[in-house]
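These are the residues of each chain, in order.
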Amino acid sequence: MGGIAIHAVCIHGRRARAGGGDFLLAAQLLGRAAERAGLHAQVRTPGWPKPPGAPDRAVARISPAPFNDLDIPWRYHLEVAADPLLAVIPPLGNALLPGGRLLVNAPSLPRVPAGGPAARSADLSALADRLGGLPGAALAAGAWAVLGEIGPGLPFDLAFVEEAVAAHDGGSLPLARAAFQLVRQACAAGRPETASPGGAA
């Protein structure tokens, strides 16, 4: 990649009846947050959209420099399981890069094998039920929090994902802020960690 810090994120979820899904909105909001941070972003869905209810994924690439291609990455720095039923460790496709992170939207993690990925869980669905707002906004903010740890030299500040969420749905802004803090609480250090929505501000 020519020394350029390109961060690849894959968000696994399920297709909604209208053709979208929380996972797709989360990836789109990540891209918009990156653009507000002065970064470059590409958001793609590999292949044709799946039928409603079927597992699907969206991939976001984020870089401080323009991309030289439109390739969809097949290995990732971060995988997000938007649906806890899709949480498999190692993650779906076993496609995490060395040192990659896994974020699971669930009250607790499945068993992480010895030598498994740095994984954490946060019950973002429960947080959305409590605070209201779009679950996709919570997923995006949680992923943005993890990206800030993976790429500390890049501008993954909360303000940029706040701007992206506010432009899409202002009512989801409190949820996004709380999700960002909740995921930050579940600091993974090579072992599974879980954050409860009761501790979010």
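Residues numbered from 1 in each chain as written. Predicted model: local features only at pLDDT ≥ 70, side-chain atom pairs only at ≥ 80, totals over all residues. Heavy atoms only, no water.

A. Spatial organisation of the overall build of the chain. Scanning the chain for helices and strands turns up five helices and seven strands. Here the chain holds 201 residues, and 51% of them are scored as buried. The long-range fraction of contacts in the chain, counting pairs at least 24 apart against all pairs at least 6 apart in sequence, stands at 62%. Accessible surface, the chain as shown: approximately 8,900 Å² in total, 54% of it carbon and sulfur. (Helix = DSSP H or I, 4+ residues; strand = E, 2+ residues; numbered from the N terminus. Buried < 20%, exposed > 50% of the residue type's maximum accessible area, 1.4 Å probe, protein only. Contact = heavy atoms within 4.5 Å. Areas by Shrake-Rupley, 256 points an atom, 1.4 Å probe, with all protein chains shown as cover.)

B. Spatial organisation of the packing of aromatic side chains. The final tally for this structure, using the stated rule, is one aromatic pair. With 4.8 Å between their ring centres and 80° between their planes, W144 and F156 make a pair best called edge-to-face. Here W144 is found in helix α3 (residues 135-150), whereas its partner F156 is found in the loop between α3 and α4 (158-168), with 12 residues between them in sequence. Classification of W144 as buried rests on a relative accessible area of 0%. For F156, a relative accessible area of 5% translates into the label buried. (Phe/Tyr/Trp six-rings, centres within 6.5 Å; stacked < 30°, edge-to-face > 60°.)

C. Representation of the nonpolar core. Core analysis: the largest hydrophobic core is formed by 46 residues, its most contacted members being I11, L78, L124, W144 and L147. For this core, the secondary structure elements donating two or more residues are β1 (7-14), α1 (22-36), β3 (55-63), β4 (76-81), α2 (124-131), α3, α4 and α5 (173-185). Among the elements that make up this core, the one with the highest residue count is α3 (10 residues). One finds I89, A106, L109 and A119 within the second-largest nonpolar core, a separate group that totals 10 residues. (Core = buried A, V, L, I, M, F, W, Y, C linked by side-chain atoms within 4.5 Å.)

D. The arrangement of the pattern of salt bridges in detail. For the structure shown, the criterion picks out six salt bridges. The residue R61 makes a salt bridge to D69 at a minimum N-O spacing of 3.0 Å. Look at R61 and you get buried, because its relative accessible area is 9%. Owing to a relative accessible area of 33%, D69 belongs among the partly exposed residues under this scheme. Of the charged contacts in the structure, one is a salt bridge between R177 and E162, with a shortest N-O distance of 2.7 Å. A residue pair is termed long-range when its members are at least 10 positions apart, and R177 in helix α5 and E162 in helix α4 qualify at 15 residues. E162 gets classed as buried once you look at its relative accessible area, which sits at 18%. One salt-bridge network, in which partners are shared between bridges, spans R101, R120 and E149. (Salt bridge = Lys/Arg side-chain N within 4 Å of Asp/Glu carboxyl O.)

E. Fine view of the pairing of β3. Most of β3 is tucked away, with seven of its nine residues classed as buried. Sheet analysis places β1 next to β3, joined by eight bridges and oriented antiparallel. What sits directly across from C10, in β3, is V59. Bridge analysis of strand β2 (residues 40-44) against β3 gives five bridges, and the strand direction is antiparallel. Within β3, the position partnered with H40 by the bridge is S63. (Pairing = 2+ DSSP bridges.)

F. Molecular detail of the packing of α4 against α5. Here α4 crosses α5 at 150°, and the two axes come no closer than 9 Å. The angle between α4 and α5 falls in the class roughly antiparallel. You can see that α4 and α5 cross each other, and the crossing is right-handed. Contacts between α4 and α5 pair L158, E162, V165 and A166 from the former with L173, A176, R177, F180 and Q181 from the latter. Partitioned by chemical class, the residues of the contact of α4 with α5 number six nonpolar, one polar and two charged. (Axes fitted to C-alpha atoms, helices over the stretch in contact; angles between N-to-C directions. Parallel < 35°, antiparallel > 145°, perpendicular 65-115°, else oblique. Left-handed = near helix turned anticlockwise from the far one by under 90°. Nonpolar A, V, L, I, M, F, W, Y, C, P; charged D, E, K, R; others polar.)

G. Quick peek at α1. Between the first and last C-alpha of α1 there are 21 Å, a value that for 15 residues agrees with the 21 Å anticipated at 1.5 Å per step. Among the residues of α1, those classed as buried are F23, L24, L25, A26, A27, L29, L30, G31, A33 and A34. Just beyond α1, the residue with positive phi is G38, at close to 85°. (Expected span 1.5 Å × (residues − 1).)

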